[in-house]
Amino acid sequence: LLGLLWWSNMLLAAFNLLPGLPLDGGRLLRAMLWAWSGRIGWATRWASRAGSAFAFALVGLGVLRALGGELLGGLWFTLIGLFLYQAARSSEQLEHIRARLAPLRAGEVMTPATAATTAPLAERVDAQASAWEAFLKLGHSRAGQIPVVSHDRLVGVIGRRDIQAALDAGPAAADVTGRAA
């Protein structure tokens with residue numbers, strides 16, 4: 001039993017080191033490409049493409065196995081390939097969002113505070129912080145909005161619509177309304 005567990009873990013480790021996002025090997029590939037080129041967006045794009053290519057190969061292998069009579073094994077390979085493909089695409093889309101939001105300040109994206117603004121100040125972002133930081137905090141917020149402060153004074157809030165408007169205003173527009181929930 002221990003020998004079987006050891007081999008299973010070794011196979012899983014080898015699979016995880018394949019060079020394509022979202023696998024750890026894809027993260028290593030992205031890091032090496034980023035170190036070589038100095039451009040994280042470019043490195044992420046190519047590591048995501050490598051992950052997508054690997055995912056298509058898994059789907060193809062799954063279909064071949066299913067046609068060869070191994071229906072359950074083929075379905076398993078196909079489902080893993082589809083999952084990896086979706087995760088690789090998500091990694092690339094998230095990089096597009098980061099590239100668009102990182103140069104923007106939270107104060108440029110926010111909706112100004114009014115007397116009716118009620119937002120818990122426990123999880124907040126400074127007006128000079130990047131909109132990317134606000135996006136990340138918004139993803140963890142249960143309130144659906146993040147207060148924006150300047151010198152410990154509430155100056156506005158950032159919600160999903162504010163982030164979407166910032167993304168729509170630029171060349172790297174992407175739909176994040178479902179992912180920010």
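Here, every reference points to the structure presented above.
To keep things clear, this report deals only with the structure shown in the data block. (Residues numbered from 1 in each chain as written. Predicted model: local features only at pLDDT ≥ 70, side-chain atom pairs only at ≥ 80, totals over all residues. Heavy atoms only, no water.)

## Focus: the pairing of strand β4 (residues 153–159)
Next up, step 1: Counted residue by residue, β4 has 5 buried out of 7 residues, so it is predominantly covered.
Next up, step 2: The sheet contact formed by strand β1 (residues 111–112) and β4 spans 2 bridges and is antiparallel. Opposite Thr111, over in β4, you have Val157 as the bridge partner.
Next up, step 3: Here 6 bridges tie strand β3 (residues 145–150) to β4, and the two strands are oriented antiparallel to one another. For Val149, the partnering residue across the bridge sits in β4 and is Leu154.
Next up, step 4: Linking β3 back to β4 in an antiparallel pair, the connection comprises 2 residues, with His151 at a positive phi of about 55°. (Buried < 20%, exposed > 50% of the residue type's maximum accessible area, 1.4 Å probe, protein only. Helix = DSSP H or I, 4+ residues; strand = E, 2+ residues; numbered from the N terminus. Pairing = 2+ DSSP bridges.)

## Details of the packing of helix α2 (residues 24–37) against helix α3 (residues 40–67)
Next up, step 1: One way to put it is that α2 packs onto α3 with a least axis distance of 8 Å and a crossing angle of 145°. Regarding α2 and α3, the two cross each other, and that crossing is right-handed. In contact with Gly26, Leu29, Arg30, Leu33, Trp34, Trp36 and Ser37 of α2, α3 contributes Ile40, Trp42, Ala43, Thr44, Trp46, Ala47 and Ala50. (Axes fitted to C-alpha atoms, helices over the stretch in contact; angles between N-to-C directions. Left-handed = near helix turned anticlockwise from the far one by under 90°. Contact = heavy atoms within 4.5 Å.)

## Let's talk about α3
Next up, step 1: Here α3 spans 40 Å end to end across 28 residues, near enough to the 40 Å set by a 1.5 Å rise per residue.
Next up, step 2: Taken together, the buried positions of α3 are occupied by Ala43, Thr44, Ala47, Ser48, Gly51, Ser52, Ala55, Leu58, Val59 and Gly62.
Next up, step 3: Tucked into the core, α3 has its buried residues touching α1 (2–16), α2 and α4 (71–101).
Next up, step 4: Backbone geometry just downstream of α3 places Gly69 in the positive-phi region, at approximately 105°. (Expected span 1.5 Å × (residues − 1).)

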